[in-house]
Amino acid sequence: MAKLEEMKDAAHSEEEKEAKQQLKKAALGWMEWLRGWFYLVYEMLFQRILASHLLNPMPLPPINDLTCIVTGSTSGIGCEIARQLAEAGAHVVMAVRNTNRAQELIRKWQEDWSGKGLPLNIEVMELDLLSLDSVARFAEAWNARMAPLHVLINNAGIFSIGEPQKFSKDGYEEHMQVNHLAPAMLSILLLPSLIRGSPSRIINVNSTMHYVGFVDPEDMNVVSGKRKYTSVVGYGGSKLAQVMFSSVLHKRLPAEAGISVVCNTPGIVLTNVARDLPQFLQVGYRLIPYFIFNAEEGSRSTLFAATDPQISEYCEMLKADDWPVCAYISHDCRPTNASEEAHNVETSSKVWEKTLELVGLPSDAVERLIEGEEIKCRYGNSQE
């Protein structure tokens, strides 16, 4: 974690620029936008070299006592994360929409693992991030067990490349709901279980695309007409909102709660996202396998964030130094700095407030849950 001082120096100038801003931003500045795309291209071209020190698969420390919830774990890196955590001894809960597919995977994993040790400790629970009712019901069902939760991995996400704007039945733009609103809601509602599992972690699988993202807290669905909607606008904004919300949550959780909040990027990974690409782009996407990680390689930064013993210390250090952004782990399993816009404390605070409003949670939800109080949510069985 020696990079903290470097990161602090690099971010000071960004914060000074931010402090001098007098007008409300309507979009990313062109320099920020170009810098963001530079980071993306750089990551794709050099990620394999930068991560060459990592073993594949990544060796994990003993985690027999950990209970981990992994969303979106029936495909891509989520599937790898769930399998590897289970093989390392963790109790894994696959929180997924397609429960039949999850059961099929578990049967296959158990067969492949047969004779190597105790049977894998995996179970399936239904969770549909396009339904906030489903999110609330999932949290209620888990909390009702009164069992500890040690790691929540918000892995599930969508990037509907080139698709027109779509909205969930809750009325929210789909990228924003699946990639940010639903995981944020789940993280808050599961705080009672995370407190029981302290020291525990919330891991948000993010993306370098947040560098080209912009969030207007008053127009998180991108419907006002101020900005033209594209799938890149929807995805990038949702990932930036996730970093901003995570940063405020990181600061609001008292040290004694023992909950670390981390965002990470898996790198550029060949996953099911490619299914949404135009045919000619799918061909190109598969012609550069050297540069693009496979799912096992893409799972490494998440597994590192979820299991490395130094992560908790690093998060405590950031909290003690009043760092404005939560811990951010790069695809090479090293601390890195989030985007300049992610350091916008004022916008982050507004994103926090608006997110709680949209998912039907009280503004003091975290404080009340930390104190052991119950809260009412607009969704799920506990709705008023």
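Residues numbered from 1 in each chain as written. Predicted model: local features only at pLDDT ≥ 70, side-chain atom pairs only at ≥ 80, totals over all residues. Heavy atoms only, no water.

Trainee: Sorry if this is basic, but what is going on with the side chain of Glu43 here?
Mentor: Secondary-structure assignment places Glu43 in helix H2 (residues 30-50). One buried charged residue, Glu43, remains without a salt bridge, the closest side chain of opposite sign being Arg300 at 11 Å. Residues in contact with Glu43, not counting those within four places in the same chain, are Thr208, Thr265, Gly267, Ile268 and His331. (Helix = DSSP H or I, 4+ residues; strand = E, 2+ residues; numbered from the N terminus. Buried < 20%, exposed > 50% of the residue type's maximum accessible area, 1.4 Å probe, protein only. Lys, Arg positive; Asp, Glu negative; His and termini not counted. Salt bridge = Lys/Arg side-chain N within 4 Å of Asp/Glu carboxyl O. Contact = heavy atoms within 4.5 Å.)

Trainee: Sorry if this is basic, but what is going on with the packing of aromatic side chains here?
Mentor: Each aromatic ring pair is summarised here by two numbers: the centre-to-centre distance and the angle between the ring planes. Per the stated rule, a full pass over the model turns up 7 aromatic pairs. Relative to Trp37, the ring of Trp33 has its centre 6.1 Å away and its plane inclined at 65°; by these criteria the two rings are edge-to-face. Of the two residues, Trp33 and Trp37 are both situated in helix H2; the distance of 4 residues between them amounts to about one turn of the helix. Judged by its relative accessible area of 30%, Trp37 is partly exposed. Plain terms: the ring middles of Phe159 and Tyr235 are 4.1 Å apart, the flat faces sit at 10° to each other, and that makes the pair stacked. (Phe/Tyr/Trp six-rings, centres within 6.5 Å; stacked < 30°, edge-to-face > 60°.)

Trainee: I would appreciate a short explanation of the pairing of strand S2 (residues 91-96) in the present structure.
Mentor: Residues in a regular strand point their side chains to alternate faces of the sheet. Along S2, 6 of the 6 residues are buried, which leaves the element largely enclosed by surrounding structure. Of the two faces of S2, both are covered, the one formed by His91, Val93 and Ala95 as well as the one formed by Val92, Met94 and Val96. One ladder, built from 5 bridges, connects strand S1 (residues 67-71) with S2; its direction is parallel. If you follow Thr67 over to S2, its bridge partner there is His91. Handedness of the crossover is the feature at issue here: the chain leaves S1, passes through helix H3 (residues 76-87), returns alongside S2, and the resulting connection is right-handed. One crossover worth recording links S2 to the parallel strand S3 (residues 122-126) by way of helix H4 (residues 99-113), and it is right-handed. (Pairing = 2+ DSSP bridges. Right-handed = clockwise from strand over helix to strand, strands pointing away.)

Trainee: When you look at unusual backbone geometry in this model, what are you seeing that I'm missing?
Mentor: With an omega of 0°, the peptide bond between Asn56 and Pro57 qualifies as cis. Within the secondary structure, Pro57 is located in the loop between H2 and S1. With an omega of 0°, the peptide bond between Ser198 and Pro199 qualifies as cis. Relative to the helices and strands, Pro199 is located in the loop between helix H7 (191-196) and strand S5 (200-205). Positive phi, normally seen in glycine, also occurs at Met146, with a value near 60°. The class of Met146 is exposed, set by a relative accessible area of 57%. Its identity as a non-glycine residue notwithstanding, Val222 has a phi of 55°, on the positive side. Considering the arrangement of structural elements, one finds Val222 in the loop between S5 and helix H8 (231-252).

Trainee: Just checking my understanding: could you explain the nonpolar core for this structure?
Mentor: A general tendency of soluble globular proteins is for nonpolar side chains to be buried together. Counting residues in each nonpolar core, the largest one holds 104 residues, and the members touching the most others are Leu85, Met94, Met185, Ile188, Leu190 and Leu361. In terms of residues, this core owes the most to one element, helix H6 (residues 174-189), which gives 9 residues. The contact partners of Leu85, leaving out residues within four places of it in the chain, are Leu60, Ile63, Cys68, Val70, Ala90, Val92, Ile153, Leu303 and Thr307. Membership of the second largest hydrophobic core comes to 5 residues, among which are Leu40, Phe159, Val212 and Tyr235. (Core = buried A, V, L, I, M, F, W, Y, C linked by side-chain atoms within 4.5 Å.)

Trainee: What exactly am I supposed to notice about H3 here?
Mentor: Count 3.6 residues to each turn of an α-helix, and residues three or four apart come out pointing the same way. Across its 12 residues, H3 extends 17 Å between first and last C-alpha, which sits within 8% of the 16 Å expected from 1.5 Å per residue. Burial within H3 is extensive, with 10 of its 12 residues counted as buried. Gly89 sits one or two residues past H3 and shows a positive phi near 110°. (Expected span 1.5 Å × (residues − 1).)

Trainee: What is the right way to look at the state of the cysteines in this model?
Mentor: A covalent bond between the sulfur atoms of two cysteines is referred to as a disulfide. Applying the stated criterion across every chain, the model contains 0 disulfides. Of the cysteine sulfurs around Cys315, a residue in no disulfide, the closest is that of Cys326, at 7.7 Å. Residue Cys315 is classed as buried on the basis of its relative accessible area, which comes to 3%. (Disulfide = S-S within 2.5 Å.)

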